[in-house]
Amino acid sequence: MSEFIWALGLMSGTSLDGIDAALIKTDGESVSELGPSLTLPYEKSLHDTLHEAVHERGDIARVEREMTLAHAQAVRVLLAQAGVKAREVGVIGFHGQTIAHRPKEGITRQIGDGALLARETGIDVVNDFRSNDVCHGGQGAPLVPLYHAALVADGHTKPLAVLNIGGVSNVTYIAEEIVLAFDTGPGNAPLNDWMRLCAGKALDEGGQAAIRGRVHQRMVERWLANPFFDKVPPKSLDRNDFPISDIAGLSLEDGAATLTAFIARSIARAVEHFPSLPNQWFITGGGRHNPVLMGMLTALLKDISPVEAMGWDGDALEAQAFAYLAVRSRCGLPLSLPTTTGVSRAVTGGAFYPAARALSA
């Protein structure tokens, strides 16, 4: 077994709300300590250019540099708040920003300059977590399930499901001898895009638009007829696979209500692909802050709780996961399994940028 080290994870999700940064102590197999974390919101100008990038528009090289420097600042702020020196951190897990994910075409692309981040922070960096999985026939997503499994290794009644409602929603089903994972359908991304388009807002805060709207059930049923939902997992989506142009003409409130209902209904369909029903669902990601969405999920799934019920921090969980995966990468341990991404065999991954080499470049 490797020694336990401090690792720092960085995550910028498809919701584009900012950078999550978190410290954990791990040996790449188990986690001995969860350290401090923070969220650093993107400045509006960077948020806007990233929004263009995730639609594969604009100057991608320029926005990659800008977002990498923003991640370096998040590292500095977290270390200062935690009272931790850079030399005390063994590695940074840098997810980067996904701008294209088309698994049917064997494409997944995350921007983020690992060498630049290593130079800026003086800490070794692992990034490009998904490419090796795709090269071996995997979907490249989701990658967080092995971290979920590590956290629930002992002391939790199984089977259980951990649902992440980020830009795309994905679930990890954990039983005694299986970890199964897949994207369930859209998450916050189309709802956020709708609010941005119709109201100039980043999100439907508190579900205030959805609660005033009427769900257009015919549209929800039309979306749910997509073959994706019948497809046997593992499977994954791009944030743009269900475009909001489908509901052009609806009011702000009706569009928000319809999208929220679709997110909830698509998540509920995940149980069709579980070996057995989970005893409980634990919800992470930004979607757990939306009371309208959570109310719909409660009606559909019954036993749901935010991950805070297990003592986890749902705002830090994905960043923690990439810290964990960075250490696994350095140890040559698998990052994905046939049951989590559809990869042909358990594979490791990640590109390594040592700080010493980067600093001398």
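Up top you'll find the structure we're talking about.
First, a word on scope: everything that follows refers to the structure included in this document. Fair warning: this is a prediction, and the values are worked out from it, not measured in the lab.

1. Concerning the sheet that holds strand 7 (residues 125-127)
The strand order across the open sheet formed by 6 strands is 3-2-1-4-7-13, and the pairing between neighbours is mixed. The open sheet has two edge strands with one neighbour each: strand 3 (31-41) and strand 13 (351-353). When the angles between neighbouring strand axes are averaged without regard to direction, this sheet yields 20°. This element, helix 2 (residues 60-82), spans strand 1 (5-11), strand 2 (18-26), strand 3 and strand 4 (89-94) of the sheet and lies at about 125° to strand 3. Taken strand by strand, helix 10 (residues 317-331) contacts strand 1, strand 2, strand 3, strand 4, strand 7 and strand 13, and its axis lies near 125° from that of strand 1.

2. Side note on the nonpolar core
Of all hydrophobic cores here, the largest spans 43 residues; its most connected members are Leu163, Val171, Ile267, Phe274, Trp281 and Leu297. Elements supplying a minimum of two residues to this core: strand 8 (160-165), strand 9 (168-174), strand 10 (179-186), helix 6 (188-199), helix 7 (217-224), helix 8 (252-268), strand 11 (281-284) and helix 9 (291-301). Looking at this core, the element that brings in the most residues is helix 8, giving 9 residues. Filtering out sequence-adjacent residues up to four positions away, Phe274 remains in contact with Ala161, Val171, Tyr173, Phe182 and Trp281.

3. Overview of the pairing of strand 5 (residues 97-102)
Along strand 5, 5 of the 6 residues are buried, which leaves the element largely enclosed by surrounding structure. Between the end of strand 5 and the start of strand 6 (residues 107-111), which pair antiparallel, lie 4 residues, with Gly106 showing a positive phi angle near 70°.

4. A look at the pattern of salt bridges
All told, the structure shown has 13 salt bridges when counted by the stated rule. A salt bridge links Arg76 to Glu120, with the nearest nitrogen and oxygen atoms 3.6 Å apart. Residue Arg76 is found in helix 2, and its partner Glu120 is found in helix 3 (residues 114-121); the two are separated by 44 residues along the sequence. Since its relative accessible area comes to 36%, Arg76 is described here as partly exposed. Looking at Glu120, the relative accessible area reads 35%, which means it is partly exposed. Across the pair Glu105 and Arg102 runs a salt bridge, and its minimum N-O distance is 3.4 Å. Judged by its relative accessible area of 53%, Glu105 is exposed. For Arg102, a relative accessible area of 28% corresponds to the partly exposed category. Through salt bridges that share partners, Lys44, Asp48 and Arg196 make up one connected network.

What counts as what
- Residues numbered from 1 in each chain as written.
- Predicted model: local features only at pLDDT ≥ 70, side-chain atom pairs only at ≥ 80, totals over all residues.
- Heavy atoms only, no water.
- Pairing = 2+ DSSP bridges.
- Helix = DSSP H or I, 4+ residues; strand = E, 2+ residues; numbered from the N terminus.
- Axes fitted to C-alpha atoms, helices over the stretch in contact; angles between N-to-C directions.
- Contact = heavy atoms within 4.5 Å.
- Core = buried A, V, L, I, M, F, W, Y, C linked by side-chain atoms within 4.5 Å.
- Buried < 20%, exposed > 50% of the residue type's maximum accessible area, 1.4 Å probe, protein only.
- Salt bridge = Lys/Arg side-chain N within 4 Å of Asp/Glu carboxyl O.

What is shown is where atoms sit, not what they do.
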